[in-house]
Amino acid sequence: MSKIVCVLYDDPVDGYPKSYAVDSIPKIDHYPDGQTLPTPKAIDFKPGALLGSVSGELGLRKFLESAGHQLVVTSDKDGPNSIFEKELVDAEVVISQPFWPAYLTAERIAKAKKLKLAITAGIGSDHVALQAAMDKGITVTEVTYCNSISTAEHAVMMLLSQVRNYIPSYQWVVKGGWNIADCVARSYDLEGMNVGIVGAGRIGLAVMRRLKPFDVKLHYTDRHRLPLSVEKELGATFHPNVQAMVKVCDAISIHAPLHPETEHMFNDALIAQMKRGAFIVNTARGKICDENAIARALKSGKLAGYAGDVWFPQPAPKDHPWRTMPHHGMTPHTAGTTLNAQARYAAGTREILECWFAKKPIRSEYLIVENGKLAGAGAHSYSAGNATEGSGEAVRYKRA
Ligand code: NDP
């Protein structure tokens, strides 16, 4: 028997839904690069249900308990007295989501003597101290591609809403106004803009494909260059580094993972090289941007807008500068957890667990760390090291 600790976000404030806005969600056959969707032997949930909150349990309880395992599900994840920290000590498997991350720091890993497998029910395993996991022989996995398109759609929405000044215009309506001049004094067309993508992986490439019909000029930077045929299809210009790219861009959308190479990439020095009045969209990870540098640049007018879905730590303390800085369009890490995405990452989590307990290999595209080193998708897109430092600050969300 194994103990599995699963950390999920809280249920809605009005309770777990009894019905949904939409009766059924579309069935997707495969991902854009041909990768198959998760293939568990069975699922015990209805796609379209809220699976990512505590009562949804990722649809895993029946499957795990009928196999004799113990499942603990909690949202209480921060601080030494949290349920997560207490239950971790004898857990074999930890399941966590990036939206409400159970930070598996090196200190927590040292206390979790039985821990063998960390599953990210989503994409992005930076909330796990990857170097510490490598040192302790812990396998780290994520459900690659499960919410890449969900996030790409969110990034395009954010870019349009920033450039068109959508959120303040909406607020004028709610306030009973008809203040057209106030709305449009910061409203522009996306058409013709130079838009730069940091990290043209699954999400970055999907964003480029979605932006192309807006007749923007696309730019990108990445550790590996896209095939020339794809560059040609998109009319995209490759830049060998982010410094060269930001100088020519009116808007930037960030899609690289957080790892030591990308931590605080957008700091005062890089922002200083951007055009005055540029926009940044960040659906990748909060820590890729220096939070105070972003707030300063919005206040000074160096940046025209910043829309982000990701923060550090999460949940962000009530006094986080991104909650109150001007011209922002922040969401509380929701891009990759639509009901559609939840069905895919719940099924992917089950597929990983089925493989783990049957001692069968886990798909290489789901692997981040295995046998003490970066593996599979992780070996391609991450660098060694930990990016969890400072995550203890998440406990301040409750206190404030
Ligand atoms: P991929 O691994 O497909 O793409 C990431 C890309 O970033 C890769 O092409 C990678 O390069 C590139 N990259 C890595 N390091 C650098 C660097 N230093 N400079 C420039 N590019 C770099 O991942 P996804 O597109 O699926 O996801 C990207 C990230 O988005 C995730 O890691 C996660 O943090 C975030 N995310 C956010 C979600 C949300 O809800 N807001 C949901 C899902 C993901 P290469 O592989 O060529 O080396």
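Heads up: the structure comes first, above all this text.
Residues numbered from 1 in each chain as written. Predicted model: local features only at pLDDT ≥ 70, side-chain atom pairs only at ≥ 80, totals over all residues. Heavy atoms only, no water.

Novice: So, the overall build of the protein: which residues are in play, and what are the values?
Specialist: A count of helices and strands for the protein gives 16 helices and 13 strands. Computed over C-alpha atoms, the radius of gyration of the protein comes to 21 Å, within 12% of the 21 Å expected from 2.2 N^0.38 for 400 residues, which places it in the range of a compact globule. For the protein, the C-alpha atoms occupy an extent of roughly 65 × 50 × 40 Å along the three principal directions. Taken over 400 residues, the protein has a buried fraction of 56%. (Helix = DSSP H or I, 4+ residues; strand = E, 2+ residues; numbered from the N terminus. Rg over C-alpha atoms; globule rule 2.2 N^0.38 Å. Buried < 20%, exposed > 50% of the residue type's maximum accessible area, 1.4 Å probe, protein only.)

Novice: Can you tell me about the packing of helix H5 (residues 148-163) against helix H8 (residues 202-211), naming the residues and giving the values?
Specialist: Contact pair H5 / H8: the axes reach a minimum separation of 8 Å and the direction vectors enclose 50°. Classified by the angle between their axes, H5 and H8 sit oblique to one another. Seen from above, H5 lies across H8 with right-handed handedness. Contacts between H5 and H8 involve Ser148, Ile149, Thr151, Ala152, Glu153, Ala155, Val156 and Leu159 from the first element and Arg202, Ile203, Ala206, Val207, Arg210 and Leu211 from the second. Residue composition of the contact of H5 with H8, grouped by class: 9 nonpolar, 2 polar and 3 charged. (Axes fitted to C-alpha atoms, helices over the stretch in contact; angles between N-to-C directions. Parallel < 35°, antiparallel > 145°, perpendicular 65-115°, else oblique. Left-handed = near helix turned anticlockwise from the far one by under 90°. Contact = heavy atoms within 4.5 Å. Nonpolar A, V, L, I, M, F, W, Y, C, P; charged D, E, K, R; others polar.)

Novice: Which residues make up the packing of aromatic side chains, and what values do they have?
Specialist: The final tally for this structure, using the stated rule, is 8 aromatic pairs. Taking the ring centre of tryptophan 172 as reference, the NZ or CZ of lysine 175 above it sits at 3.9 Å. Between lysine 318 and the ring centre of tyrosine 397, over which it is positioned, the NZ or CZ distance is 4.0 Å. (Phe/Tyr/Trp six-rings, centres within 6.5 Å; stacked < 30°, edge-to-face > 60°. Lys NZ or Arg CZ within 6 Å of the ring centre and 35° of its normal.)

Novice: How would you explain the pairing of strand S2 (residues 70-74) if you had to name every residue and give the values?
Specialist: Taking burial as the measure, the 5 residues of S2 include 4 buried ones, the bulk of the element. The pairing of strand S1 (residues 3-7) with S2 spans 5 bridges and is classified as parallel. Looking at the pairing, valine 7 lines up with threonine 74 of S2. (Pairing = 2+ DSSP bridges.)

Novice: How would you explain the sheet that holds strand S6 (residues 194-198) if you had to name every residue and give the values?
Specialist: Strand pairing in a sheet relies on backbone hydrogen bonds. The paired strands run either parallel or antiparallel. Read across the sheet, 6 strands follow the order S8-S7-S6-S9-S10-S11 without closing on themselves; strand pairing throughout is parallel. The sheet is open, and its two edges are formed by strand S8 (237-238) and strand S11 (303-308), each paired on a single side. Sheet topology places strand S9 (residues 251-254) next to strand S10 (residues 278-282); 4 bridges connect them, and they run parallel. Bridging across to S10, alanine 251 finds its partner in phenylalanine 279.

Novice: Give me the site of the ligand: which residues, what numbers.
Specialist: Contacts to the ligand come from 31 residues, most closely from Arg202, Asp222, His224, Gly336 and His380. Within the side chain of arginine 202, an N or O atom sits 2.8 Å from an oxygen atom of the ligand. Contact distances for the ligand include 2.7 Å between an oxygen atom and a side-chain N or O atom of histidine 380. With the chains in place, 94% of the 930 Å² that the ligand exposes on its own is no longer accessible. Sorting the residues of the shell around the ligand by element identifies H5, H8 and helix H15 (376-381) as the ones contributing at least two each. (Near = heavy atom within 4 Å. Polar contact = N/O pair within 3.5 Å; in protein donor to acceptor, adjacent residues only side chain to side chain. Areas by Shrake-Rupley, 256 points an atom, 1.4 Å probe, with all protein chains shown as cover.)

Novice: So, unusual backbone geometry: which residues are in play, and what are the values?
Specialist: Residue proline 313 is reached from phenylalanine 312 by a cis peptide bond, and omega for that bond is -10°. With respect to the element layout, proline 313 can be found in the loop between S11 and helix H13 (321-324). Glutamine 314 connects to proline 315 through a cis peptide bond whose omega is -5°. As for its position among the elements, proline 315 is in the loop between S11 and H13. The phi dihedral of asparagine 165 is positive, around 60°, even though this residue is not glycine. Tracing the backbone through its elements, the reader meets asparagine 165 in the loop between H5 and helix H6 (166-174).

Novice: Lay out the side chain of threonine 120 with the relevant residues and their values.
Specialist: Mapped onto the secondary structure, threonine 120 falls in strand S4 (residues 117-120). Accessibility expressed as a relative area gives 1% for threonine 120, which makes it buried. Engagement of the side chain of threonine 120 in a polar contact is seen with the side chain of serine 125, the distance being 2.9 Å. When sequence neighbours within four positions are dropped, the list of residues in contact with threonine 120 reads Ser96, Pro98, Ser125, His127, Thr141, Glu142 and Val143.

Novice: Would you mind going over the nonpolar core in detail, with residue names and values included?
Specialist: Across soluble globular proteins, nonpolar side chains have a tendency to be buried as a group. Of all hydrophobic cores here, the largest spans 94 residues; its most connected members are Leu58, Ile95, Leu104, Met208 and Leu211. Broken down by element, the residue count for this core peaks at 8 residues, all from helix H14 (residues 339-357). With residues near it in sequence (within four places) discarded, leucine 58 still touches Cys6, Leu8, Phe45, Leu51, Gly52, Ile95, Ala121, Tyr345, Ala346 and Thr349. Of all hydrophobic cores here, the second largest spans 31 residues; its members include Val246, Ile254, Ala256 and Ala293. (Core = buried A, V, L, I, M, F, W, Y, C linked by side-chain atoms within 4.5 Å.)

Novice: Explain the environment of glycine 390 residue by residue, including any values.
Specialist: Mapped onto the elements, glycine 390 comes out in the loop between H15 and helix H16 (396-399). A relative accessible area of 39% means that glycine 390 is categorised as partly exposed. Measuring from C-alpha to C-alpha, the distance between glycine 390 and phenylalanine 312 comes to 8.4 Å, with 78 residues separating the pair along the chain. In contact with glycine 390, other than residues within four places in its own chain, are Phe312 and Pro313.

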